[in-house]
Protein chains: 2
Amino acid sequence: MKKSDRLIYLPLGGAGEIGMNAYVYGYGAPGKERLILVDIGVTFPDMDTTPGVNLIFPDIAWLETNKHRLDAIFITHAHEDHVGGIGYLWDRLGAPVYARSFTANHARRKMEDAGQSAAVINTVSAYPETISAGPFTVSFLPVSHSIPESSGLVIDSPAGRVLHTGDFKLDETPVLGEPFDEALWREVSKNGVKALVCDSTNVFSRHAGRSEASVKPEITKLVAGAKGMVVATTFASNIARLKTLADAGVAAGRSVCLLGRAMQRMVAAGEETGILGKFPQTIAPEDARDVPHDQLMLIVTGSQGERCAASAQLSRGKYRGLRMNEGDLFLFSSKTIPGNERGVIRIMNAYSEMGVDIVDDCDGLYHVSGHANRPDLLRMHDIVNAEMVIPMHGEHRHLREHAHLAADKGRASMVLVNGSMADITGVEPHVVEHVETGRTYLDGSVQYGALDGIIRDRIRLALNGHVLATVIIDEDDEPLGDPWIEVMGLPETGGSNAPLVDVVEADLGQLLMRMNDKTLSDDDKVEEAIKREVRRSVQAEIGKKPEVTVITSRLA
Amino acid sequence: MKKSDRLIYLPLGGAGEIGMNAYVYGYGAPGKERLILVDIGVTFPDMDTTPGVNLIFPDIAWLETNKHRLDAIFITHAHEDHVGGIGYLWDRLGAPVYARSFTANHARRKMEDAGQSAAVINTVSAYPETISAGPFTVSFLPVSHSIPESSGLVIDSPAGRVLHTGDFKLDETPVLGEPFDEALWREVSKNGVKALVCDSTNVFSRHAGRSEASVKPEITKLVAGAKGMVVATTFASNIARLKTLADAGVAAGRSVCLLGRAMQRMVAAGEETGILGKFPQTIAPEDARDVPHDQLMLIVTGSQGERCAASAQLSRGKYRGLRMNEGDLFLFSSKTIPGNERGVIRIMNAYSEMGVDIVDDCDGLYHVSGHANRPDLLRMHDIVNAEMVIPMHGEHRHLREHAHLAADKGRASMVLVNGSMADITGVEPHVVEHVETGRTYLDGSVQYGALDGIIRDRIRLALNGHVLATVIIDEDDEPLGDPWIEVMGLPETGGSNAPLVDVVEADLGQLLMRMNDKTLSDDDKVEEAIKREVRRSVQAEIGKKPEVTVITSRLA
């Protein structure tokens, strides 16, 4: 390596939040590094902060500006927060994409869904196969997680080796897919690793993580003891769990039916890529209708209470010809992600009203996490024994805790959030530049920035309601007819018991009568005065100040 | 009692949700029962379902219609979900209100805040003092909870005694206020109780509840070991916890300062009513500024992440002259109520960015619940040994689980949700009538029903954005000038890269040109056609269909 060359790390998403992962590595002369991107994920909107938004991406403007320097995109695994942005953002970057078979299968479908060419997605094999990308040589290192074929990345550069864990847990009995192979990770680490860039999600979980295999006995027992229909939900991408659930159904002599598009897509992808192994025979929803409830098990989408998923549909009544009855059992083989509690609780209460018994994972019997807990992180730090530990994939509090954890054991570490470009050539990271980052919203078919004010306006409309006032001013600058008011999202009557629109129209009529010629000849002044009067009048009548749009039509 | 008379129970709020408690009891001839109301609480809005709403009340229309039969209102304790509606709803009911001293103090302030007379609130003493209300004789039976002077109610009628628990836990060492007095509850139960109407909140918590006193050693230890400033938050109304926290501060040689209006109000109410006991000396925020951080402890509002509370203010920087620094400690001596996770996590990450160490209650060291857990509920069932157990204060799933719990021990029980009027004269409850119930929103100064569609419109505005289209039609039914478009909450440009308003105005111009005279003479048809064209045009341009308001101004 040239003395002036450097190795850089720059998170654009995922470092300061759980979601929309996008990590850039670069190597070369300062400002001229050749770049690779690891993951290009999404995060999901919510009503509090992003009403009506479809998806949220990391702001990749910096990378787009530097796309001539970008040699490759690597996708570690097929979760939405790692691959979900590929179809929408790839054409702004244009580099070849590499992933293992199952992940590549998903990425291709995402490209096709977005009307892009799936041919840019290259399927590669795991370590020791390598991909050359500019100054980098990259290899996919299998690791256990909650979806098949998850991989860390071995990223070699002239400045040394980086191990990027991706999402991982240390599971030696993962039911389906590759167990965590400590010997392999030691093997790739033995000649020295410059930086371990490491998942931080579960840093606050004190006890060592449990294996996917550990839930099987409890799930099997629960299903065996059930009297009516059993319906279970989990993340569709957790194919190992789907298998455990389906196996439990079959062991109890039940027909198993997968319900929900994501569920069927995932299993289809598993079949196409041959990673599914011995997955039990399932039946179609049409056929499930005729099976007696005590011989049927459904595995459904919607573990997070999503309104359109199968779990929510069933909680509202018949779905695809199937209906839950009193005495049936609903199992959440899942954890509720913070922020989704209300939706999950809504479904639970709907089932309660139907007389359905609900089993959730409050005791940890029916679900295990896909991420490494605190002791597992320490074990990973020891296995890799890198010069520095860089926490990623976490909110700020997770990154900070993870950095403390590493530092307490004498390892160099640093909290690096989205937009912090760090030079990691030396023995510890140091920030060399701050890059503009943020969130890009997909809203309908349009992408725009989180700070563009569009969503702020929508939130205002939701909080305050809307009043529209129109006036027509004639050729002599005189109001023509009466002002006209339309309201949306406001009560029809207020304190005076007269219709709100009548009250405001009368107040505006008064205002217009009082206006002098000079004001009436100036659209801005008219609109400002009307807006102020509408807000005053509505506030007096119903106690809140609405958003106001004024239309002044002037007859020329 | 006359043979035809009956004792009825009718929840109007609180049975099917946690919040807005309002329970009616009646005694007399069917349809002519004299009535009492227990509690009149609120629930809080959220952005998902009730944007811009200030408070949510139970719909008391039925009770208002029957106010001539209402003899009294009893308030069990001063939590918002039990007393919060009094100021807004009392004038629709008009009956005398009874509460114990601390609760009455709050209720009076709420009446005054709403411009009502505080004189209707009567302060009463605990059992054995009784209040006569029509055919009922009612007594306040002290019980432990997470606020001082919580009480169950002993409700005697010619048909027998009802014990209404209110919110409770079985705490024999509650730090402040009355311990749970099993002997007293046995005493009032010994001659037979017809119905135990019982709190269900924690029915899913398997282990017996812990005493308020149990958190003291851990909190004391934590504060003693802290290096910088300590800031702790809990519910302001949990005065016992405030005392534990303040005592811990004083024991560590720190000056203690209460921050946040609710905190100061609660302690003032405690002082006025003499229930505060030996609460440590506190200092004013102005004086706290000059105290070195390692000698200062703040106790602040905002345990649920509320945006305007002290905890959130401090997480954004300086508040009342105080600022947290690196190495300071923030303690959540509280549990996050489901639905509030996002707000709490936002604060945690803001503190993390400031270098503040956060301690929460994930291990149960620094907080205990105010509600009876499953084994405690069974103990209460046994103590009272009523003919029937009626679960209240819970979502449907809690009520159902609680009813199962009672039934499993051979007790008559039934899930009775809001609006179910049950005859409880006999040995088990049976529903005799369904009363229209629901939610009333306070929005600004106006109250309206949840189903009135106003909030639905606001949610639509937030999800879809708004387009306003105006056209002027002249005396000859010809469009005058061009149509005019204003958008709110939508991107400025879409697929064609031309300004969205220009595209839609051009499309509307075309539409108007194509319109025949018959359509142009009919406002409804013009508006319908314009609305359809705006939605089509916007959908083509940005991929989403907005809310549309059309104003047709016709020159007469």
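These numbers come from a predicted model, not from an experiment.

A.B. asks: How would you sum up the interface of chain A and chain B? Please name residues and give values.
C.D. replies: Facing the 61 residues of chain A at the interface are 61 residues of chain B. Interface area, chain A with chain B, both sides summed: about 5,400 Å², of which 61% is carbon and sulfur. It is Met-47, Arg-342 and Met-488 of chain A in chain A that bury the most area against chain B; as a group they hold 13% of the surface buried on that side. Along the contact surface separating chain A from chain B lie eight salt bridges. Residues Arg-342 of chain B and Asp-46 of chain A are paired through a salt bridge, measuring 3.4 Å at the closest nitrogen-oxygen approach. Counting every contact that joins chain A to chain B gives 31 residue pairs in polar contact (both at pLDDT 80 or more). For the side of chain A that touches chain B, the class distribution of residues is 24 nonpolar, 19 polar and 18 charged.

A.B. asks: Break down the relation of the copies chain A and chain B for me, citing the residues and quoting the values.
C.D. replies: Once turned by 180° and shifted 0.0 Å along the axis, chain A lies on chain B with an RMSD of 0.0 Å. Here the symmetry operator amounts to a two-fold rotation axis. Residue Ala-462 of chain A of chain A places its C-alpha closer to the rotation axis than any other residue of that unit, at 2.6 Å.

A.B. asks: Give a detailed account of the sheet that holds strand E27 (residues 479-488) of chain A, specifying residues and quantitative values.
C.D. replies: Note: strands within a sheet are paired through backbone hydrogen bonds, in either parallel or antiparallel orientation. Residues and elements named next belong to chain A. Overall, mixed pairing links the three strands, which are arranged E27-E26-E28 in an open sheet. Strands at the two margins of the open sheet, each flanked by one partner only, are E27 and strand E28 (547-554). Between one strand axis and the next, the sheet turns through 15° on average, direction left out of account. Judged from the seven bridges that link them, strand E26 (residues 466-473) and E27 form a sheet pairing that is antiparallel. Each bridged residue has a counterpart across the sheet, and for Leu-468 the counterpart in E27 is Glu-486. Sheet strands touched by helix H15 (residues 500-514): E26 and E27. Its angle to E27, the strand with the most contacts, is close to 145°.

A.B. asks: So what's going on with the side chain of Ser-420 of chain A? Which residues, and what values?
C.D. replies: Mapping Ser-420 of chain A onto the fold places it in strand E22 (residues 420-423). Using a relative accessible area of 5% as the deciding quantity, one classes Ser-420 of chain A as buried.

A.B. asks: Provide a residue-level description of helix H5 (residues 182-189) of chain B, including the pertinent values.
C.D. replies: Residues and elements named next belong to chain B. Residues Leu-184, Trp-185, Val-188 and Ser-189 constitute the buried set of H5. Around the axis of H5, the buried residues are gathered within 135° of arc, so they sit on the same side. Turning to H5, the residues buried within the fold contact strand E10 (136-142), strand E11 (151-157), strand E12 (160-164) and helix H12 (374-384).

Cut-offs used in this document
- Residues numbered from 1 in each chain as written.
- Chains lettered and ligands numbered in written order.
- Predicted model: local features only at pLDDT ≥ 70, side-chain atom pairs only at ≥ 80, totals over all residues.
- Heavy atoms only, no water.
- Contact = heavy atoms within 4.5 Å.
- Buried area = accessible area lost by both parts, 1.4 Å probe.
- Salt bridge = Lys/Arg side-chain N within 4 Å of Asp/Glu carboxyl O.
- Polar contact = N/O pair within 3.5 Å; in protein donor to acceptor, adjacent residues only side chain to side chain.
- Nonpolar A, V, L, I, M, F, W, Y, C, P; charged D, E, K, R; others polar.
- Least-squares fit on C-alpha atoms with pLDDT ≥ 70 in both.
- Pairing = 2+ DSSP bridges.
- Helix = DSSP H or I, 4+ residues; strand = E, 2+ residues; numbered from the N terminus.
- Axes fitted to C-alpha atoms, helices over the stretch in contact; angles between N-to-C directions.
- Buried < 20%, exposed > 50% of the residue type's maximum accessible area, 1.4 Å probe, protein only.
- Arc of directions from axis to C-beta.

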